[in-house]
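# Structural overview
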Amino acid sequence: MKGSYRSVNSQIIASFPTTFPRVRYVPEVKGAGMKKLVGVNDKGLRVGEDHQNAKLTNEEVERIRELHEGGMTYDVLAEKFDVSKSAVAMICRYERRAETAATWKSVHVPDQ
């Protein structure tokens, strides 16, 4: 295996954007709902906070990583952000939420 685990993580961290784009809504015909631009990976699947099962925003994920690097434990972070300890651990190890959007896709958002 070429490179160490730490060097691979460093490459992943370096590839992260410093800011994440905000959700953008594009108006459609009145009464027909709205279209929302969501981030997708190379396969066209939603990633990050745009994923339909996401419990945390991109900002919360960044904050979890920062707090863990500052010495906060997985248990405390899990309780603070109301997610499981294993989810926090995977986020901190860049095993989860490590993929960035390759492009944007327009999806329909029904009227509320």
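Description of the structure in this document. (Residues numbered from 1 in each chain as written. Predicted model: local features only at pLDDT ≥ 70, side-chain atom pairs only at ≥ 80, totals over all residues. Heavy atoms only, no water.)

### Quick notes on the overall build of the chain
Let me state the cut-off plainly: To qualify as a helix, a DSSP run of H or I must reach at least 4 residues; to qualify as a strand, a run of E must reach at least 2; elements of each kind are numbered from the N terminus. Note on classification: 1.4 Å probe, protein chains only; a residue is buried when its accessible area is under 20% of the maximum for its type, exposed when over 50%, partly exposed between these limits. Each accessible area value is a Shrake-Rupley result obtained with a 1.4 Å probe; residue values ignore everything except the protein chains displayed when judging cover.
Within the chain, the regular secondary structure consists of four helices and three strands. Helices (α) and strands (β) of the chain occur, in sequence order from the N terminus, as α-β-β-α-α-α-β. In the chain, buried positions account for 28% of the 112 residues. For the chain, the computed accessible surface area is about 8,000 Å², with 53% contributed by carbon and sulfur atoms.

### Side note on the environment of K80
With respect to the helices and strands, the residue K80 is situated in helix α3 (residues 74–81). Separated by 16 residues in the primary sequence, K80 and I64 have C-alpha atoms spaced 9.5 Å apart.

### As for the packing of helix α2 (residues 58–69) against α3
The test is simple: Axis lines are fitted through C-alpha atoms, for helices just across the contact stretch, and the angle between N-to-C directions can take any value from 0 to 180 degrees. An angle counts as roughly parallel when it lies under 35 degrees, as roughly antiparallel when it exceeds 145, as roughly perpendicular when it falls between 65 and 115, and as oblique in every other case. By convention the crossing between two helices is left-handed if the near helix lies anticlockwise of the far one by an angle smaller than a right angle, and right-handed if it lies clockwise. Only heavy atoms enter the contact rule, under which two residues are in contact if any of them lie within 4.5 Å. Classes in brief: Ala, Val, Leu, Ile, Met, Phe, Trp, Tyr, Cys and Pro nonpolar; Asp, Glu, Lys and Arg charged; the others, Gly included, polar.
For the pair α2 and α3, interaxial distance at closest approach is 10 Å and the crossing angle is 155 degrees. By the angle class used here, α2 and α3 are roughly antiparallel. Regarding α2 and α3, the two cross each other, and that crossing is right-handed. Between α2 and α3, the contacting residues are E60, R63, I64, L67 and H68 on the first element and Y74, L77, K80 and F81 on the second. A per-class count over the contact of α2 with α3 returns five nonpolar, one polar and three charged.

### So, the packing of aromatic side chains
Rule in force here: Pairing of aromatic side chains here covers Phe, Tyr and the six-membered ring of Trp, requires ring centres within 6.5 Å, and sorts the geometry by plane angle: under 30 degrees stacked, over 60 edge-to-face, intermediate tilted. By definition here, charges over rings are those cases where NZ of Lys or CZ of Arg is within 6 Å of the ring centre and within 35 degrees of the ring normal.
Counting across every chain of the model gives zero aromatic pairs. Over the face of the ring belonging to Y94 we find R65, whose NZ or CZ atom lies 4.0 Å from the ring centre. Over the aromatic face of F81 sits the side chain of K80, whose NZ or CZ is 6.0 Å from the ring centroid.

### Topic: the side chain of R97
Rules: Only four residue types enter the charge count: Lys and Arg as positive, Asp and Glu as negative, with His and the chain ends excluded. The rule for a salt bridge is simple: a side-chain nitrogen of Lys or Arg has to be within 4 Å of a carboxyl oxygen of Asp or Glu. N or O atoms closer than or at 3.5 Å make up a polar contact, with two conditions inside protein: a donor-capable atom paired with an acceptor-capable one, and, for residues adjacent in sequence, both atoms drawn from side chains.
For R97, the position within the fold is in the loop between α4 (85–92) and β3 (103–109). No salt bridge is formed by the buried R97; its nearest oppositely charged neighbour, E49, is found at 5.1 Å. Polar side-chain contacts of R97 include one of 2.9 Å to the backbone oxygen of L56.

### Brief notes about the pattern of salt bridges
Using the criterion set out here, one finds three salt bridges in the structure. Residue D75 pairs with K85 through a salt bridge whose shortest N-O separation is 3.7 Å. Of this pair, D75 sits in helix α3 while K85 sits in helix α4, placing them ten residues apart in sequence.

### Examining the nonpolar core
For clarity, the threshold we go by: Nonpolar core, defined: a set of buried Ala, Val, Leu, Ile, Met, Phe, Trp, Tyr and Cys residues in which side-chain atoms within 4.5 Å join the residues together.
In terms of nonpolar packing, the biggest core is built from twelve residues, these being L56, V61, I64, L67, L77, A78, F81, V83, A87, V88, I91 and C92. Top element by residues in this core is α4. It accounts for four residues. Those residues in contact with L67 that lie beyond four places of it in its chain are M72, L77, K80 and F81.

### A few points about the environment of R93
Within the secondary structure, R93 is located in the loop between α4 and β3. Assessed through its relative accessible area of 34%, R93 is described here as partly exposed. Distance in space between the C-alpha atoms of R93 and R65 is 8.7 Å, their sequence separation being 28 residues. Separated by 3.1 Å, the side chains of R93 and E95 make a polar contact.

Note that every value here comes from positions in space, so none of it alone points to a role or purpose.
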